[in-house]
Amino acid sequence: MKIDEHNFIRYLQAGKEDALDYVIDHYLPLIKGIVSKTLGPFSKNDISKECCNDILFSIWKNSKKFNGEAIDFKKWVCVIAKYKAIDYYRMEIKKKENLSLNLMLDPSDHTTPKISNLEDQENILSIISRLKPLDQKIFIMRYLLDFDTEEIACQLQMTKSAIDNRLYHGKKKLKKALGGIPIEKSV
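This structure is a prediction, so every number in the text was calculated from the model and none was measured.

In this structure, what is going on with the nonpolar core? I would like to understand it.
Within the largest apolar cluster, 31 residues are counted, with the highest numbers of intra-cluster contacts made by Phe8, Val23, Ile31, Val35, Ile55, Ile59 and Phe73. Mapped by element, the contributors of at least two residues to this core are helix 1 (8-13), helix 2 (17-39), helix 3 (45-61) and helix 4 (70-101). When residues no more than four places from it in sequence are discounted, the contact partners of Ile59 are Leu12, Val23, Ile31, Phe73, Trp76, Val77 and Ile80. Among the nonpolar cores identified, the runner-up in size contains 15 residues, and Leu144, Ala153, Ile163 and Leu174 belong to it.

This is the structure in structure tokens:
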């Protein structure tokens with residue numbers, strides 16, 4: 001049995017692993033491109049690999065649902081890849097948002113900023129709460145989660161200069177509210 005572009009769909013639907021190998025050989029670069037473009041700032045190697053594997057598993061598991069010719073198969077693969085990558089993107093966003101909502105940071109964790117006690121945490125929250133909701137989110141992402149401005153811009157679908165502008169004006173506003181103390185020293 002020689003698998004080629006004319007019969008791979010039939011063999012894939014029949015559960016032949018050689019057909020899955022054919023799909024991997026011919027469609028994996030396309031899948032990787034969609035995943036890296038969709039995941040953007042999250043395109044860490046582990047997440048991208050996990051997403052690609054999940055896509056290939058979905059193709060394998062749902063191959064019997066595909067109705068069409070080989071020319072339509074590429075479109076079908078692209079749709080599966082796009083929606084799976086979006087699911088992974090949403091999961092990563094949710095993880096980051098959960099981190100931002102949980103400001104009780106582990107003092108043994110040396111990779112996160114140190115917030116020594118509950119009073120300091122409440123002080124930070126009260127300082128940030130003086131900003132508009134979008135600016136609050138930007139400040140938490142930038143100064144508590146240590147995102148760079150490009151990651152923030154990508155996640156919030158804004159330009160990098162818009163993020164920088166909001167950070168600059170937010171710091172000015174907070175400095176004024178704190179009586180002239182720079183925001184970095186109060187936080």
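Mind showing me how you'd approach a negative patch on the surface here?
Together, Glu17, Asp18, Asp21 and Asp25 give the surface a local cluster of negative charge. Position of Asp21 among the secondary structure elements: in helix 2. Look at Asp21 and you get partly exposed, because its relative accessible area is 40%.

Looking at this structure, how should I read the packing of aromatic side chains?
Describing an aromatic ring pair means giving the distance of the ring centres and the angle of the ring planes. All told, the structure shown has seven aromatic pairs when counted by the stated rule. Relative to Phe73, the ring of Phe8 has its centre 5.0 Å away and its plane inclined at 85 degrees; by these criteria the two rings are edge-to-face. Note that Phe8 is positioned in helix 1 and Phe73 in helix 4, a separation of 65 residues in sequence. Taking relative accessible area as the criterion, Phe8 reaches 1% and is therefore assigned buried. For the pair Phe66 and Trp76, a centre-to-centre distance of 5.2 Å together with 50 degrees between the ring planes defines the contact as tilted. Of this pair, Phe66 sits in the loop between helix 3 and helix 4 while Trp76 sits in helix 4, placing them 10 residues apart in sequence. Put simply, the rings of Phe8, Tyr22, Tyr27, Phe66, Phe73 and Trp76 pair up and form one aromatic cluster. A cation over an aromatic ring shows up here: Arg10 above the ring of Tyr11, its NZ or CZ 5.4 Å from the ring centre.

Help me understand the packing of helix 6 (residues 133-144) against helix 7 (residues 149-156) in this model?
Each pair of packed helices can be described by the angle between their axes along with the distance between the axes. Closest axis-to-axis distance for the helix 6/helix 7 pair is 10 Å, and the angle between their directions is 140 degrees. Relative to helix 7, helix 6 is oriented oblique. Between helix 6 and helix 7 the crossing geometry is right-handed. Here Leu134, Lys137, Ile138, Met141 and Arg142 of helix 6 lie close against helix 7, whose contacting residues are Thr149, Ile152, Gln155 and Leu156.

Explain the side chain of Ser63 to me, please; I cannot follow it from the model alone.
The topology assignment puts Ser63 in the loop between helix 3 and helix 4. A polar side-chain atom of Ser63 sits 3.3 Å from the main-chain carbonyl oxygen of Trp60. Beyond its immediate sequence surroundings of up to four residues, Ser63 is in contact with Leu12, Gln13 and Trp76.

Is there a simple way to think about the environment of Ile34 in this case?
On the secondary structure map, Ile34 appears in helix 2. Taking the C-alpha atoms as reference points, Ile34 and Ala85, 51 residues apart in sequence, are found 7.6 Å from one another. Those residues in contact with Ile34 that lie beyond four places of it in its chain are Cys78, Ala81 and Lys82.

Please clarify how the side chain of Asp135 should be interpreted in this entry.
Residue position: Asp135 is located in helix 6. Note on Asp135: relative accessible area 10%, which makes it buried. A distance of 2.6 Å separates polar atoms of two side chains, one belonging to Asp135 and the other to Arg166.

Sorry, what's going on with the pattern of salt bridges here?
Pairs can form between side chains of opposite charge once their charged atoms are near each other. Using the criterion set out here, one finds three salt bridges in the structure. Note that Lys84 and Asp54 form a salt bridge whose closest N and O atoms lie 3.9 Å from each other. With Lys84 in helix 4 and Asp54 in helix 3, the pair connects residues that are 30 residues apart, well separated along the chain. Look at Asp54 and you get partly exposed, because its relative accessible area is 23%. One salt bridge connects Lys160 with Asp164, and the closest N-O pair in it is separated by 3.3 Å. One end of the pair is Lys160 and the other is Asp164, both in helix 8 (residues 160-177) and four residues apart, which spans about a single turn. On the accessibility criterion, Asp164 (31% relative accessible area) is partly exposed.

Cut-offs used in this document
- Residues numbered from 1 in each chain as written.
- Predicted model: local features only at pLDDT ≥ 70, side-chain atom pairs only at ≥ 80, totals over all residues.
- Heavy atoms only, no water.
- Core = buried A, V, L, I, M, F, W, Y, C linked by side-chain atoms within 4.5 Å.
- Buried < 20%, exposed > 50% of the residue type's maximum accessible area, 1.4 Å probe, protein only.
- Helix = DSSP H or I, 4+ residues; strand = E, 2+ residues; numbered from the N terminus.
- Contact = heavy atoms within 4.5 Å.
- Patch = residues over 30% accessible without salt bridge, like charges linked within 9 Å, V, L, I, M, F, W, Y side chains within 5 Å.
- Areas by Shrake-Rupley, 256 points an atom, 1.4 Å probe, with all protein chains shown as cover.
- Salt bridge = Lys/Arg side-chain N within 4 Å of Asp/Glu carboxyl O.
- Lys, Arg positive; Asp, Glu negative; His and termini not counted.
- Charge placed at Lys NZ, Arg CZ, Asp CG, Glu CD.
- Phe/Tyr/Trp six-rings, centres within 6.5 Å; stacked < 30°, edge-to-face > 60°.
- Lys NZ or Arg CZ within 6 Å of the ring centre and 35° of its normal.
- Axes fitted to C-alpha atoms, helices over the stretch in contact; angles between N-to-C directions.
- Parallel < 35°, antiparallel > 145°, perpendicular 65-115°, else oblique.
- Left-handed = near helix turned anticlockwise from the far one by under 90°.
- Polar contact = N/O pair within 3.5 Å; in protein donor to acceptor, adjacent residues only side chain to side chain.

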